[in-house]
Structure formats: C-alpha cells, structure tokens
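Structural features, examined
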Amino acid sequence: MKTILLVVACLPALAFGLAVRPCANNAPIPQDVRVIGCTAEPCVIPIGGMVDMDCDFVSPRATQTVQATLDIFLGDFRVPYDLPAAQQNACNFFEAGSCPVTQGEFINYHLNTPAAAPFAGITVDLQLQLTDDNGEPLFCFRSSAQIVAV
C-alpha cells in the first residue's frame with residue numbers, strides 16, 4: 001500500500017516538466033521541458049556532470065535547418081561557452097519530428113551535454129534557443145542551475 005501511495009505521489013513530478021522563464025527576445029517557450037533529476041529551479045548539477053533534457057514544442061514556421069545554442073550567464077556576464085559543434089545542428093537530436101520542419105509540426109528535441117561552469121558553488125542561468133534558417137527563434141527559454149562540486 002505504501003508503494004502505491006509513493007508512486008501516486010510521484011506521478012505529478014513525472015507528468016509535468018520544469019517551469020521555465022521566457023527569454024528577453026520574447027521568443028516562444030517550449031510546451032514542456034523535462035530535465036532528468038530536476039523538477040524545480042534551480043536544477044542541481046555536479047560540475048562536469050551531464051545535463052539531460054527533453055523539450056517539446058510546435059514549430060511556429062517552416063525551416064530547412066535548426067540551430068541550437070546554449071548560453072550560460074553568471075548574473076549579466078555571459079560565460080564563454082558554446083555547445084559542441086556536433087550538437088549545434090539540432091535536427092540530429094529530434095526524437096520526434098525531422099528536418100526540414102513544417103509549420104505546426106510537433107518536435108521533441110533531446111539535449112544531453114556536459115555541464116560547463118567556471119567553478120562549483122554557483123548558480124547560473126542557462127538559456128537554450130533553437131533558431132530557423134534566418135536565425136529567428138523557434139523557441140527560447142531560461143532556467144537556473146546550481147553547479148556543485150562532485
């Protein structure tokens with residue numbers, strides 16, 4: 001009986017994604033963002049650990065290609081970091097949907113990337129954005145992460 005209650009109590013955490021914040025550029029935010037091991041901000045990530053997330057969105061327009069960027073901010077300072085080159089082509093990480101993307105297409109984008117930070121013991125803002133052929137955002141969101149020592 002206790003096991004059933006525990007499973008029922010955990011269902012909302014499994015069904016609902018992380019509440020994220022919009023970017024300053026007023027781009028759409030994804031319908032759902034799920035980060036493994038995180039249900040509320042700030043997500044606690046060991047330095048050098050992996051950030052594993054899924055983002056569900058409906059494309060606001062058609063595009064041949066989709067670029068991914070992940071910016072890290074410590075306050076107003078942008079930490080020098082770029083996604084690895086192989087991860088910048090977001091089309092390669094669609095679990096649902098494919099490129100070219102059609103307007104109104106449902107896409108599930110999966111990102112699994114190392115947590116990069118200058119040092120542990122800080123909370124940073126992460127900004128993930130997917131852009132179309134013209135550099136216009138398909139979605140953009142911000143969330144916070146607390147980087148901890150291993």
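Going by the structure above, here's the rest.
The notes below deal with the structure included here.

Calculation notes
Residues numbered from 1 in each chain as written. Predicted model: local features only at pLDDT ≥ 70, side-chain atom pairs only at ≥ 80, totals over all residues. Heavy atoms only, no water. Helix = DSSP H or I, 4+ residues; strand = E, 2+ residues; numbered from the N terminus. Buried < 20%, exposed > 50% of the residue type's maximum accessible area, 1.4 Å probe, protein only. Contact = heavy atoms within 4.5 Å. Patch = residues over 30% accessible without salt bridge, like charges linked within 9 Å, V, L, I, M, F, W, Y side chains within 5 Å. Areas by Shrake-Rupley, 256 points an atom, 1.4 Å probe, with all protein chains shown as cover. Salt bridge = Lys/Arg side-chain N within 4 Å of Asp/Glu carboxyl O. Pairing = 2+ DSSP bridges.

**Description of the environment of Val58**
- If you trace the backbone, Val58 turns up in strand β4 (residues 50–58).
- Exposure remark for Val58: the relative accessible area of 37% places this residue in the partly exposed category.
- Each C-alpha atom, one on Val58 and one on Phe106, is 4.4 Å from the other, the two residues being 48 residues apart in sequence.
- When residues no more than four places from it in sequence are discounted, the contact partners of Val58 are Gln31, Gly104, Glu105 and Phe106.

**Comments concerning unusual backbone geometry**
- With an omega of -10 degrees, the peptide bond running from Glu41 to Pro42 counts as cis.
- As for its position among the elements, Pro42 is in the loop between β2 (32–35) and β3 (43–46).

**Some words on a nonpolar patch on the surface**
- A grouping of Leu74, Phe77 and Phe119 is seen on the molecular surface, where their side chains present a nonpolar patch of about 290 Å² in accessible area.
- Examined against the element boundaries, Phe77 turns out to sit in strand β6 (residues 77–79).

**Overview of the pairing of strand β9 (residues 122–131)**
- Burial within β9 is extensive, with nine of its 10 residues counted as buried.
- Judged from the seven bridges that link them, strand β5 (residues 67–74) and β9 form a sheet pairing that is antiparallel. Bridge pairing in β9 links Thr69 to Gln129.
- Here β9 runs beside strand β10 (residues 137–148); their pairing, made up of 10 bridges, is antiparallel. Across the sheet, the residue bridging to Ile122 is Ile147, located in β10.
- Where β9 folds back on β10, the antiparallel hairpin that results is connected by five residues, among which Gly135 adopts a positive phi of roughly 80 degrees.

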